[in-house]
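Residue-level structural notes
Read off the chains here:
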Amino acid sequence: MQLDLQLLLILILFGFLAAFIDSVVGGGGLIALPVLLFAGLNPTTAIATNKLAGTIGSFTSTISFYRSGKIDVQSVAKFFPLAFFGALIGAWTVTLISPDILKPLMLLMLAVIAIYTIFKKDWGSIAAIKKLSPVKLLGFIFLLFGIGFYDGFLGPGTGSFFIFAFLMIGTDFLKAAGNAKFLNFGSNIAALLMFMYLDQIHYVYGLVMGAAQIFGAIVGSQVAIKKGSGFVRKLFIVVSITLLIKNTYDYFIN
């Protein structure tokens, strides 16, 4: 499809909406990817183009959370390379084997996250940072690397998985969202660099949607910061369930 006025408006509108959701709890790809496929891109190019737009959006929301003091920079910065190199390897691996092999695991993880968050009502309401033993720290490191790998390899739900990881160590929902966005930016930019190398990106669509994501990310992150952890928790549950339903349908129907 040509970039006519109608398509331009669609890319802008849904780019804004995707970044709004993604800046708070992740899952923006659930909105952006179908739009890029509608625009006539093949699945690989749509995923790669979404990484370009998503990197712009995640960078913007990272700045917003940082300025509001909702990113624990000293603690989370040392984990940035895990997300970055995990995603780099994941994006390279997807050129060798089908990402379908990870879909059943992704569906299981989304189901566990949604159910656990719904029934543990006070979880993430206040910060209660746990001091990790060497074994638990090693497990946390492997988990973050694995989520980064997953983002480069497949992608849907990455923001939710990062948030869940930080909730597990006692971070409240709002700080978890900020920390997760910082690491998600790392995994996004790593996958983007790999897709640029592989020449899979439609730059016009990606930059148009990315420009809209700047504004969506600013609004989304500011709404999250203003409304607090309770709002983030509710949106987190809604997006996790939506991701689970959408990807379960795609897995069994398509």
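See the structure above.
What comes next is a walk through the structure.

Scoring rules and cut-offs
- Residues numbered from 1 in each chain as written.
- Predicted model: local features only at pLDDT ≥ 70, side-chain atom pairs only at ≥ 80, totals over all residues.
- Heavy atoms only, no water.
- Patch = residues over 30% accessible without salt bridge, like charges linked within 9 Å, V, L, I, M, F, W, Y side chains within 5 Å.
- Areas by Shrake-Rupley, 256 points an atom, 1.4 Å probe, with all protein chains shown as cover.
- Salt bridge = Lys/Arg side-chain N within 4 Å of Asp/Glu carboxyl O.
- Helix = DSSP H or I, 4+ residues; strand = E, 2+ residues; numbered from the N terminus.
- Buried < 20%, exposed > 50% of the residue type's maximum accessible area, 1.4 Å probe, protein only.
- Axes fitted to C-alpha atoms, helices over the stretch in contact; angles between N-to-C directions.
- Parallel < 35°, antiparallel > 145°, perpendicular 65-115°, else oblique.
- Left-handed = near helix turned anticlockwise from the far one by under 90°.
- Contact = heavy atoms within 4.5 Å.
- Nonpolar A, V, L, I, M, F, W, Y, C, P; charged D, E, K, R; others polar.
- Phe/Tyr/Trp six-rings, centres within 6.5 Å; stacked < 30°, edge-to-face > 60°.

For the rest of this paragraph, the subject is a nonpolar patch on the surface. A contiguous nonpolar patch, built from Leu-13, Phe-14, Phe-16, Leu-17, Ile-214, Phe-215, Ile-218 and Val-219 and spanning about 660 Å² of accessible area, is present on the exposed surface. Note that Leu-17 resides in helix α1 (residues 5-25). The partly exposed category is assigned to Leu-17, whose relative accessible area is 38%.

With that settled, consider the packing of helix α6 (residues 103-119) against helix α8 (residues 158-168). Put simply, α6 and α8 touch, their axes get as near as 11 Å, and they point 50° apart. The angle between α6 and α8 places the two elements in the oblique class. The two elements α6 and α8 meet at a crossing, and its hand is left-handed. Contact residues: Met-106, Met-109, Leu-110, Ile-113, Tyr-116 and Thr-117 in α6; Ser-160, Phe-161 and Phe-164 in α8. Across the contact of α6 with α8, the residue classes tally to seven nonpolar, two polar and no charged.

Think of a pair of aromatic rings as described by two things: how far the centres are apart, and how the planes are tilted against each other in angle. Per the counting criterion, the structure on display carries ten aromatic pairs. Between Phe-79 and Phe-140 the ring centres are 5.3 Å apart and the planes differ by 85°, which places this aromatic pair in the edge-to-face class. Separated by 61 residues along the polypeptide, Phe-79 in the loop between α4 (73-76) and α5 (80-93) and Phe-140 in helix α7 (residues 134-153) bring together distant segments of the chain. Classification of Phe-79 as buried rests on a relative accessible area of 9%. Ring centres of Phe-80 and Phe-182 lie 5.2 Å apart, and the angle between their planes is 55°; on these two criteria the pair is classed as tilted. With a gap of 102 residues between them, Phe-80 in helix α5 and Phe-182 in helix α9 (residues 173-197) connect regions that are remote in the sequence.

What follows deals with the side chain of Asn-184. Counting through the fold element by element, Asn-184 comes out in helix α9. Among the residues examined, Asn-184 registers a relative accessible area of 4% and is labelled buried. Those residues in contact with Asn-184 that lie beyond four places of it in its chain are Asp-22, Asp-151, Thr-158, Gly-159 and Phe-162.

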